[in-house]
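So you can see what is in the structure, the chains are spelled out below.
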Amino acid sequence: MDHILQNNEVQVIGKAVTDIEYSHKVYGEGFYSFELEIPRLSDSSDFIPVTVSERLLMPFGDIKGKVFKVTGQFRSYNQYEEGKNRLILTLFTLEIEEVGVKELSRNYNMLHLKGFVCKNPIYRTTPFGREITDILLAVNRSYHKSDYIPCITWGRNARYAKNLNTGDAIEIWGRIQSRTYQKKLESGEVIKKVAYEVSVSKMEINEQNNKLDEVEEA
């Protein structure tokens, strides 16, 4: 499994807050999804979609309300919705174990990715003056597939990341976060939606001479 996790590794501890739902089947193996609540250091939480094989779920029975440690990868796939392709993100489970409720206090949400910038970064500032740069990272997977992961950098990292170019190789560390926002439909109706992204705490940029410039969050 170390080889599989080389470019994309996630470890989280959270509480299952939904029952499992059938997702899809691959070569006769069924996969299910559920939502995991992962506490932050603040009073808020991230709610992350998890995909898991029926074979890994068998020992647990009903999962809602149970606390799990999940090791896997942050993956993406395209879903045709409302006349266009939408990027769907999920934590794909490679290992799962039930742990005690006390483990939630660790605020355990760790991610490591190696990939390539696949579109020009977008630099912006919030109304409160905080600097942010958005990056879309292409992370290679087995069988010539790639995952496309939206990442958000802050402060000094944001100022550095805004100068990246498409094709630059970078390595990042951070956490998966969920963010709610409102979307206005053509009918005028406003609906609540959830976005998932990586909040970057540390990054390394591979220069042409293979030297690594390390930048840590201010």
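Preceding this section is the structure that the text describes.
Every value quoted in this text rests on a predicted model; they were computed, and no experiment measured them.

Conventions adopted
- Residues numbered from 1 in each chain as written.
- Predicted model: local features only at pLDDT ≥ 70, side-chain atom pairs only at ≥ 80, totals over all residues.
- Heavy atoms only, no water.
- Helix = DSSP H or I, 4+ residues; strand = E, 2+ residues; numbered from the N terminus.
- Rg over C-alpha atoms; globule rule 2.2 N^0.38 Å.
- Buried < 20%, exposed > 50% of the residue type's maximum accessible area, 1.4 Å probe, protein only.
- Contact = heavy atoms within 4.5 Å.
- Areas by Shrake-Rupley, 256 points an atom, 1.4 Å probe, with all protein chains shown as cover.
- Phe/Tyr/Trp six-rings, centres within 6.5 Å; stacked < 30°, edge-to-face > 60°.
- Polar contact = N/O pair within 3.5 Å; in protein donor to acceptor, adjacent residues only side chain to side chain.
- Salt bridge = Lys/Arg side-chain N within 4 Å of Asp/Glu carboxyl O.

**Description of the overall build of the protein**
Then, number 1: Scanning the protein from terminus to terminus reveals two helices and 13 strands.
Then, number 2: Against the compact-globule benchmark of 17 Å for 218 residues, the protein has a radius of gyration of 18 Å, which places it among compact chains.
Then, number 3: By residue count, 40% of the 218 residues in the protein fall in the buried class.
Then, number 4: For the protein, long-range pairs separated by at least 24 residues make up 60% of all intrachain contacts whose partners lie at least 6 apart in sequence.
Then, number 5: Of the roughly 12,800 Å² of accessible surface on the protein, 48% is carried by carbon and sulfur atoms.

**With respect to the packing of aromatic side chains**
Then, number 1: Tallying each qualifying case throughout the model produces four aromatic pairs.
Then, number 2: With 6.5 Å between their ring centres and 55° between their planes, Phe34 and Phe68 make a pair best called tilted. Residue Phe34 is found in strand β3 (residues 29–39), and its partner Phe68 is found in strand β5 (residues 67–81); the two are separated by 34 residues along the sequence. Across the pair, exposure class does not vary: Phe34 and Phe68 are buried alike.
Then, number 3: Where Phe60 meets Phe68, the ring centres are 5.1 Å apart and the plane angle is 75°; that geometry is what we call edge-to-face.
Then, number 4: Pairwise contacts between aromatic rings join Phe34, Phe60 and Phe68 into one cluster.

**With respect to the side chain of Glu131**
Then, number 1: With respect to the helices and strands, Glu131 occurs in strand β9 (residues 131–141).
Then, number 2: By relative accessible area, which is 17% here, Glu131 ends up buried.
Then, number 3: At a separation of 2.5 Å, a polar atom in the side chain of Glu131 contacts the side chain of Tyr123.
Then, number 4: In terms of polar contacts, Glu131 uses its side chain to reach the side chain of Arg159, at 2.4 Å.
Then, number 5: Other than its neighbours up to four places away in sequence, Glu131 contacts Tyr123, Arg124, Thr125, Thr153, Trp154, Gly155, Ala158 and Arg159.

**Focus: the side chain of Gln177**
Then, number 1: Following the sequence through the fold, Gln177 ends up in strand β11 (residues 169–184).
Then, number 2: Here the side chain of Gln177 touches Arg175 through a polar contact of 3.3 Å, side chain to side chain.
Then, number 3: Of note is the side chain of Gln177, whose polar atom sits 2.7 Å from the side chain of Glu197.
Then, number 4: Residues in contact with Gln177, not counting those within four places in the same chain, are Arg40, Asp46, Ile48, Ile152, Trp154, Ala195, Tyr196, Glu197 and Ser199.

**Re the pattern of salt bridges**
Then, number 1: If you walk through the whole model with that rule in mind, you get eight salt bridges.
Then, number 2: With a shortest N-O distance of 2.7 Å, Asp46 and Arg40 are connected by a salt bridge.
Then, number 3: Exposure remark for Asp46: the relative accessible area of 1% places this residue in the buried category.
Then, number 4: Put simply, Asp147 and Arg141 hold a salt bridge, and the shortest N to O gap is 2.5 Å.
Then, number 5: When its relative accessible area of 1% is taken as the criterion, Asp147 is described as buried.
Then, number 6: Connected through shared salt-bridge partners, Arg40, Asp46 and Arg175 make up one network.

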